[in-house]
Amino acid sequence: ENYVSISFDEDMGVSGMMRTKFTNLIAIRYRAENNHLKEETVIEDLENRYDIEIEDLKITNEENTLKPLVRMIKFSGEDLVEEINEKIYISPLFFLTTKINPFKLKERKFPVDFGVPLKDKNTINIKIPAGYKVESLPKSLAIGISNNLGVFRYKAVANSNKITVVAQLQINKSIITPEYYQELKMFYAQLVEKQTEKIVLIKE
């Protein structure tokens, strides 16, 4: 689960904070893959994955397996938004956007194994830069896969000088059988299409 808050400087550079909570099997996996690494290695991996600069990293409950592991990063980034003809185009989920459908095959004879059931929630709070207002926001979306195998919900709301975007993905079974492959592929195609729609800001 990710919670991100974002603001802009005068040159449309981005700065922000991201809090990520890891629970259950995901926390176990994170500890196994990262607890032995040096802090600078963890920072470097995140910087490369998200194309941002990390100014600060804090991890709580690294060893305490009874509690969720929480990672906080303070970051900045250039070129995370586009300015065209005095309009600003923003990818609502920024560097957390799913840009490519992982399911490309026309058909599949083997099950899709997610490893564990997925529960992925991204909440992004964007502070609208001074002198700008919202021209358009992506519309809300809620889609599902038959037999309650999965659901995706997406909502973007503007309120005074802030935009809040919430994207939730839930895959309820770790293994999806081939009979549902076409549906899963279509589901992800819609998810990618929605996540790559832009917020458009114009000058007031």
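The coordinates are above.
Scope of this entry: the structure provided in the associated data block. Just so we're clear, the structure is a prediction, and the values are computed from it rather than from any experiment.

Glancing now at the side chain of S76. Along the chain, S76 falls in strand β4 (residues 69-77). For S76, a relative accessible area of 18% gives the class buried. One polar contact links S76 to E55, side chain to side chain, over a distance of 2.9 Å. Excluding residues within four positions of it along the chain, S76 makes contact with V14, S15, I52, E53 and E55.

Right, let's talk about the sheet that holds strand β11 (residues 150-159) for a bit. Here eight strands make up an open sheet; going across it, the order is β3-β4-β2-β1-β8-β12-β11-β10 and the pairing mixed. Bordering the open sheet on either side are β3 (53-60) and β10 (141-145), each of which pairs with just one other strand. Neighbour-to-neighbour, the strand axes of the sheet open up by a mean angle of 10°, direction not taken into account. Bridging between β3 and β4 involves seven bridges; their strand directions are antiparallel. Directly across from I59, in β4, lies its bridge partner R71. Those strands touched by helix α3 (residues 181-195) are β8 (118-127), β10, β11 and β12 (162-171), and its axis lies near 165° from that of β10.

Spatially, four strands are ordered β5-β6-β14-β9 in an open sheet, and the strand pairing comes out antiparallel. This sheet does not close on itself; its edge strands, each paired only once, are β5 (81-84) and β9 (132-136). The average angle at which neighbouring strand axes cross in this sheet is 30°, direction not considered. Bridging between β5 and strand β6 (residues 87-90) involves four bridges; their strand directions are antiparallel.

Negative charge collects at one region of the surface, where D9, E10, D11, D51, E53, E55, E78, D79 and E83 lie side by side. Looking at the element boundaries, D51 is found in the loop between α2 (39-50) and β3. Residue D51 is classed as exposed on the basis of its relative accessible area, which comes to 60%.

The next point concerns the packing of aromatic side chains. Under the criterion given, the structure shown has eight aromatic pairs. Each ring, one from F75 and one from F95, has its centre 5.2 Å from the other, and the planes form 85°; the classification is edge-to-face. Within this pair, whereas F75 is found in strand β4, its partner F95 is found in the loop between β6 and β7 (112-113), the two being separated by 20 residues in sequence. Through a chain of ring-to-ring contacts, three or more aromatic side chains come together here, namely F103, F114, Y181, F187 and Y188.

Attention now moves to the pattern of salt bridges. Applying the stated criterion across every chain, the model contains four salt bridges. The partner of K203 in a salt bridge is E86, with the nearest N and O atoms 4.0 Å apart. Here E86 lies in the loop between β5 and β6 and K203 lies in strand β14 (residues 199-203), a separation of 117 residues in the sequence. The residue K194 makes a salt bridge to E197 at a minimum N-O spacing of 3.2 Å. Judged by relative accessible area, which is 28%, E197 ranks as partly exposed.

This part takes up α2. Spanning twelve residues, α2 covers 17 Å between terminal C-alpha atoms, matching the ideal 16 Å at 1.5 Å per step. Contacts made by the buried residues of α2 are with β2 (14-22), α1 (24-34), β3 and β4. At the C-terminal side of α2, D51 shows a positive phi close to 55°.

On to the environment of T196. Mapped onto the elements, T196 comes out in the loop between α3 and β14. Sequence-wise, T196 and S91 are 105 residues apart; in three dimensions their C-alpha atoms are separated by 6.3 Å. In this view, T196 contacts T97, T98 and K99; residues no more than four positions away in its chain are not counted.

The rules behind these values
- Residues numbered from 1 in each chain as written.
- Predicted model: local features only at pLDDT ≥ 70, side-chain atom pairs only at ≥ 80, totals over all residues.
- Heavy atoms only, no water.
- Helix = DSSP H or I, 4+ residues; strand = E, 2+ residues; numbered from the N terminus.
- Buried < 20%, exposed > 50% of the residue type's maximum accessible area, 1.4 Å probe, protein only.
- Polar contact = N/O pair within 3.5 Å; in protein donor to acceptor, adjacent residues only side chain to side chain.
- Contact = heavy atoms within 4.5 Å.
- Pairing = 2+ DSSP bridges.
- Axes fitted to C-alpha atoms, helices over the stretch in contact; angles between N-to-C directions.
- Patch = residues over 30% accessible without salt bridge, like charges linked within 9 Å, V, L, I, M, F, W, Y side chains within 5 Å.
- Areas by Shrake-Rupley, 256 points an atom, 1.4 Å probe, with all protein chains shown as cover.
- Salt bridge = Lys/Arg side-chain N within 4 Å of Asp/Glu carboxyl O.
- Lys, Arg positive; Asp, Glu negative; His and termini not counted.
- Charge placed at Lys NZ, Arg CZ, Asp CG, Glu CD.
- Phe/Tyr/Trp six-rings, centres within 6.5 Å; stacked < 30°, edge-to-face > 60°.
- Expected span 1.5 Å × (residues − 1).

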